[in-house]
Amino acid sequence: MATVIVVASGKGGVGKTTTSAAFSTGLALHGHKTVVIDFDVGLRNLDLIMGCERRVVYDFINVINKEASLTQTLIRDKRVANLFILPASQTRDKDALSKEGVNRVIQTLRQDFDYIVCDSPAGIEHGAIMAMYHADEALVVTNPEISSVRDSDRIIGILGSKTLRAEQGLPPVKEHLLVARYDPLRVSGGDMLAVEDVQEILAIPLLGVIPESTSVLQASNSGIPVTLDENSDAGQAYQDIVARFLGEDRPQRFIHVQKKSFFSRLFGGRQ
């Protein structure tokens, strides 16, 4: 029976879809059969980041409306075994995500997958509520700025009150904090919140920090989840995050300003 994980944030543009792609890819790389679902109906982007936009024939709403089967709709990733994508519709409204339809799809996927990753739209509108409703665990993605953190606090409130687990009196959704686009230099200069400040405000366990990195944009534009870029800080950060999620004890990285080595200082920062 699959574990349902929602990737959520209160604010747009914080790295939520990047995280959904990178995290689901990481789970599959560890041998877990994983499907990632795009809940952002009307603003489909997950397929672009996963590099499968030209392979979309049917979408999530087609399955909900019984216009296509999951077998017809699921896209198998060409690079990573055990990874599948369920794309959103570009032409429908978010209200097409009916509670009954989403429930049917999730329950069917639970029988065949280890993990179901739900890429939630930003905010607290219908699509986001639908993405969070069936969650067993949640990755709350925030940037180290006060408006993003405040909006994430609202999402945490919804996870505690408007999910199936809350309705049925089950153990609450297990929440994990991801701080994205983190720059220790800007933190030390007072331009960003420190990760400790974000933790204190949101009061949920820190799963990991993703550093500000040009490799994220490069990977997105290339349709390659950044987890597959093992040479980038961001790729390594997501690999650490997946490993910690699966129970491995890895130290937090990318939180402090890295001291330059002697040769780095000698040659102007190049290594």
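These figures come from a predicted structure and were not determined experimentally.

*Asks:* Would you mind showing me how to read helix H12 (residues 233-245) here?
*Replies:* Working note: α-helix, 3.6 residues per turn, so residues spaced by three or four point in the same direction. Between its first and last C-alpha atoms H12 spans 18 Å; for 13 residues at 1.5 Å apiece the expected length is 18 Å, and the two agree. For H12, the tally of buried residues reaches 11 of 13 residues, placing the bulk of the element in the interior. Within the span of H12, buried status applies to Ala 234, Gly 235, Gln 236, Ala 237, Tyr 238, Asp 240, Ile 241, Val 242, Ala 243, Arg 244 and Phe 245. Looking one or two places after H12, you find Gly 247, whose phi comes out positive at around 105°.

*Asks:* Mind showing me how you'd approach the layout of surface pockets here?
*Replies:* To find the voids left in a structure, one rolls a probe of water-molecule size over its atoms. Put simply, the largest pocket is a space of about 550 Å³. As for the largest pocket, its lining consists of 28 residues, of which Gly 13, Val 14, Gly 15, Lys 16 and Thr 18 are closest to the centre. At the level of elements, helix H1 (16-29), helix H2 (46-49), strand S7 (174-182), strand S8 (206-211) and helix H11 (214-222) are the ones that each hand at least two residues to the lining of the largest pocket. Of the residues in the lining of the largest pocket, the class split is 13 nonpolar, nine polar and six charged.

*Asks:* What exactly am I supposed to notice about the pairing of strand S4 (residues 83-86) here?
*Replies:* A regular strand places its side chains on the two faces of the sheet in alternate fashion. Alternating positions in S4 separate into two faces, Leu 83 and Ile 85 on one and Phe 84 and Leu 86 on the other, with burial throughout. Relative to S4, strand S2 (residues 34-38) runs parallel, the two being bridged by four bridges. Pairing of Thr 34 across the sheet is with Leu 83, part of S4. Between the end of strand S3 (residues 75-76) and the start of S4, which pair antiparallel, lie six residues, with Asn 82 showing a positive phi angle near 75°.

*Asks:* Honestly, the pattern of salt bridges in this entry has me stumped. Any pointers?
*Replies:* Close approach of charged atoms allows side chains of opposite charge to pair. Evaluated as defined, the whole model comprises 11 salt bridges. In this structure, Arg 79 engages Asp 77 in a salt bridge whose closest nitrogen and oxygen atoms are separated by 3.1 Å. The shortest N-O distance in the salt bridge between Arg 250 and Glu 248 comes to 2.8 Å. The class of Arg 250 is partly exposed, set by a relative accessible area of 28%. Look at Glu 248 and you get partly exposed, because its relative accessible area is 41%. When salt bridges with common partners are traced through the structure, they connect Asp 240, Arg 244, Glu 248, Arg 250 and Arg 253 into a single cluster.

*Asks:* I keep staring at the packing of aromatic side chains and nothing clicks. Help me out?
*Replies:* Aromatic ring pairs are reported here in terms of the distance separating the ring centres and the angle at which the planes meet. On inspection of all chains with the given rule, the structure shows four aromatic pairs. Centroid distance Phe 23 to Phe 245: 5.1 Å. Interplanar angle 85°. Geometry classified as edge-to-face. Of this pair, Phe 23 sits in helix H1 while Phe 245 sits in helix H12, and the two are 222 residues apart along the sequence. The same class applies to Phe 23 and to Phe 245, which are both buried. With 5.1 Å between their ring centres and 80° between their planes, Phe 39 and Phe 60 make a pair best called edge-to-face. In this pair, Phe 39 is assigned in the loop between S2 and H2 and Phe 60 in helix H3 (residues 60-64), connecting sequence segments 21 residues apart. Each member of the pair, Phe 39 as well as Phe 60, carries the same accessibility label: buried. Through a chain of ring-to-ring contacts, three or more aromatic side chains come together here, namely Phe 23, Tyr 115 and Phe 245.

Definitions and limits used
- Residues numbered from 1 in each chain as written.
- Predicted model: local features only at pLDDT ≥ 70, side-chain atom pairs only at ≥ 80, totals over all residues.
- Heavy atoms only, no water.
- Helix = DSSP H or I, 4+ residues; strand = E, 2+ residues; numbered from the N terminus.
- Expected span 1.5 Å × (residues − 1).
- Buried < 20%, exposed > 50% of the residue type's maximum accessible area, 1.4 Å probe, protein only.
- 1 Å grid on protein atoms, 1.4 Å probe; cavity = no way out; pocket = protein on both sides within 12 Å on 5 of 7 lines; lining within 4 Å.
- Points joined across faces, edges and corners; volume = space filled by probe spheres on them.
- Nonpolar A, V, L, I, M, F, W, Y, C, P; charged D, E, K, R; others polar.
- Pairing = 2+ DSSP bridges.
- Salt bridge = Lys/Arg side-chain N within 4 Å of Asp/Glu carboxyl O.
- Phe/Tyr/Trp six-rings, centres within 6.5 Å; stacked < 30°, edge-to-face > 60°.

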